[in-house]
Amino acid sequence: MEGESFFASAQFFSLTLYTIGFFSFPIHLFGAYCILFQTPESMKSVKWSMFNLHFWSSCLDMTVSLLTQPYLLKSTWSGIPYGILKEFNVPLSFQSYMVSTLFCMVAVSIITIFENRFFLLFAEHSWWRFARRPFLAINYILGLLYYVPTVLSVPEQTSARAATFKEFPEFRQLDTPENPIYVLVLNNPWVSVRQIAMEATVVIETGIIVCLLKFKMKNVVKEMKMSESTAKLQKAFLKALYIQVSLPLLVILLPSAVSVFSGILGISTQSVNNLVYITFSCHGLTSTIVMLIIQNPYREFCLVMVGKSHRRQKISATSTISGRSVVTTF
């Protein structure tokens, strides 16, 4: 757009996302291979919850960087798709539903991986064994349905574009018959309310489970239900899990915070907007790389592949928790 740098252009945005997508794809496949075929028997209890998180994170990355490429226009709920799905005339409402729903699935899979660990360590023989399946099912159903009201309330596009161009006339030059600007929301505050409610639910659920894990781990040795060595190993694994989840979240939260505050201060630009979504598209890539580095079995496999590991002897610990043996390897 006139008056903006090349970094604000749709061409830069699309080219960067294609580059990220093609670079990320083989790394995602390698990460999936490691989880499926290099996860040791002693970590089988977390194998599928880790794969679940990896799957949804990778799908979100590929959808944003290759399939949809939502070039969102500053200060509006509107944008233009430049991804592969545009070439196949996939409805824009479905494309927006894909991106938002995959984001929800990533959030729910983070809750799932911590809930899985809490259940196996502390709640397998408690009332939670009956409540956990409905709890997880409701989370996934809400994740799938969260964005449906927004899609169903999309405004009539001709009048919505006219209203957007009246407020932001510079966007008119981006609007073409072949690829028109798509206005998702126009004067609908309930979209923001639902978004805040969704994010608050995810934060609260994750926070409660993580706090329970920390509390239980702190007291389990005192109650003589786990040896100190086993507790130390379990804490090390949880620490690795926290890092694996937290660092990719920063990839989303930091640029999002920049976007929000720049909007509040009235200095929002298309360049900042582009940066936010380019960084956002690296979430899954960051998650995969951190997983390969922080989880010892995968790190060792990677080092073996490049001939820089002598395969250190693994340290295993077996503990009996509520009558069930749990083996952890690091």
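Residues numbered from 1 in each chain as written. Predicted model: local features only at pLDDT ≥ 70, side-chain atom pairs only at ≥ 80, totals over all residues. Heavy atoms only, no water.

Q: What should I look at first to understand the overall build of the protein chain in this one?
A: Along its length, the protein chain carries 12 helices and 5 strands. Counting the 330 residues in the protein chain, one finds 49% classified as buried. Partitioning the intrachain contacts of the protein chain with sequence separation of at least 6 by distance along the chain shows that 74% fall at a separation of at least 24. Surface summary for the protein chain: the accessible area is close to 17000 Å², and the carbon and sulfur share equals 69%. (Helix = DSSP H or I, 4+ residues; strand = E, 2+ residues; numbered from the N terminus. Buried < 20%, exposed > 50% of the residue type's maximum accessible area, 1.4 Å probe, protein only. Contact = heavy atoms within 4.5 Å. Areas by Shrake-Rupley, 256 points an atom, 1.4 Å probe, with all protein chains shown as cover.)

Q: Where do I start with the environment of Phe165 in this structure?
A: Assignment of secondary structure puts Phe165 in helix H7 (residues 157–167). Between the C-alpha atom of Phe165 and that of Asp175, which follows or precedes it by 10 residues, the distance is 9.7 Å. Once you skip the residues sitting within four places of it in the chain, Phe165 turns out to touch Phe171, Arg172, Asp175 and Ile181.

Q: Sorry if this is basic, but what is going on with unusual backbone geometry here?
A: Working note: non-glycine residues mostly have negative phi, and peptide bonds are mostly trans. Positive phi is not limited to glycine here, since Gln69 has a value of about 45°. Looking at the secondary structure, you find Gln69 in the loop between helix H2 (44–68) and strand E1 (70–72). Gln69 gets classed as buried once you look at its relative accessible area, which sits at 0%. In this structure, Asn187 is a non-glycine residue whose phi angle is positive, near 55°. With respect to the helices and strands, Asn187 occurs in the loop between strand E3 (182–183) and helix H8 (189–220). Residue Asn187 is classed as exposed on the basis of its relative accessible area of 74%.

Q: Sorry, what's going on with the packing of aromatic side chains here?
A: Two aromatic rings, taken as a pair, are described by how far apart their centres are and by the angle between their planes. All told, the structure shown has 18 aromatic pairs when counted by the stated rule. Here Tyr33 and Phe37 contribute two aromatic rings whose centre-to-centre distance is 5.2 Å and whose plane-to-plane angle is 40°, an arrangement assigned as tilted. Placement of both Tyr33 and Phe37 in helix H1 (residues 10–37) is noted, with a separation of 4 residues, approximately one turn of the helix. In this structure Tyr33 comes out as partly exposed when scored by relative accessible area, which is 36%. Ring-pair connections join several aromatic residues into one group, and the members of that group are Phe30, Tyr33, Phe37 and Phe301. Taking the ring centre of Phe119 as reference, the NZ or CZ of Arg132 above it sits at 3.9 Å. (Phe/Tyr/Trp six-rings, centres within 6.5 Å; stacked < 30°, edge-to-face > 60°. Lys NZ or Arg CZ within 6 Å of the ring centre and 35° of its normal.)

Q: Hey, could you run me through a nonpolar patch on the surface in this one?
A: Taken together, the side chains of Ile243, Leu247, Leu250 and Leu254 make up a nonpolar region of the molecular surface, amounting to roughly 330 Å² of accessible area. Summarising the element assignment, Leu254 is placed in helix H9 (residues 228–264). For Leu254, a relative accessible area of 54% puts it in the exposed group. (Patch = residues over 30% accessible without salt bridge, like charges linked within 9 Å, V, L, I, M, F, W, Y side chains within 5 Å. Salt bridge = Lys/Arg side-chain N within 4 Å of Asp/Glu carboxyl O.)

Q: Looking at this model, I keep getting lost on the sheet that holds E3. Mind explaining?
A: Strand pairing in a sheet relies on backbone hydrogen bonds. The paired strands run either parallel or antiparallel. Spatially, 3 strands are ordered E1-E2-E3 in an open sheet, and the strand pairing comes out antiparallel. With partners counted over all chains shown, the strands left at the sheet margins are E1 and E3, one partner each. Strand direction decides the pairing type here: E1 and strand E2 (residues 78–81), joined by 3 bridges, are antiparallel. Within the sheet, the bridge partner assigned to Tyr71 lies in E2 and is Ile80. (Pairing = 2+ DSSP bridges.)

Q: How should I be thinking about the environment of Asp61 in this particular structure?
A: Mapped onto the secondary structure, Asp61 falls in helix H2. Owing to a relative accessible area of 1%, Asp61 belongs among the buried residues under this scheme. In this structure, the C-alpha to C-alpha distance between Asp61 and Ser24, residues 37 residues apart in sequence, is 8.1 Å. Contact partners of Asp61, with chain neighbours within four places excluded, come to His28, Leu66, Phe280, Ser281, Cys282, His283, Gly284 and Leu285. Within the local environment of Asp61, its side chain forms a polar contact with the backbone nitrogen of Gly284, the two atoms lying 2.8 Å apart. (Polar contact = N/O pair within 3.5 Å; in protein donor to acceptor, adjacent residues only side chain to side chain.)

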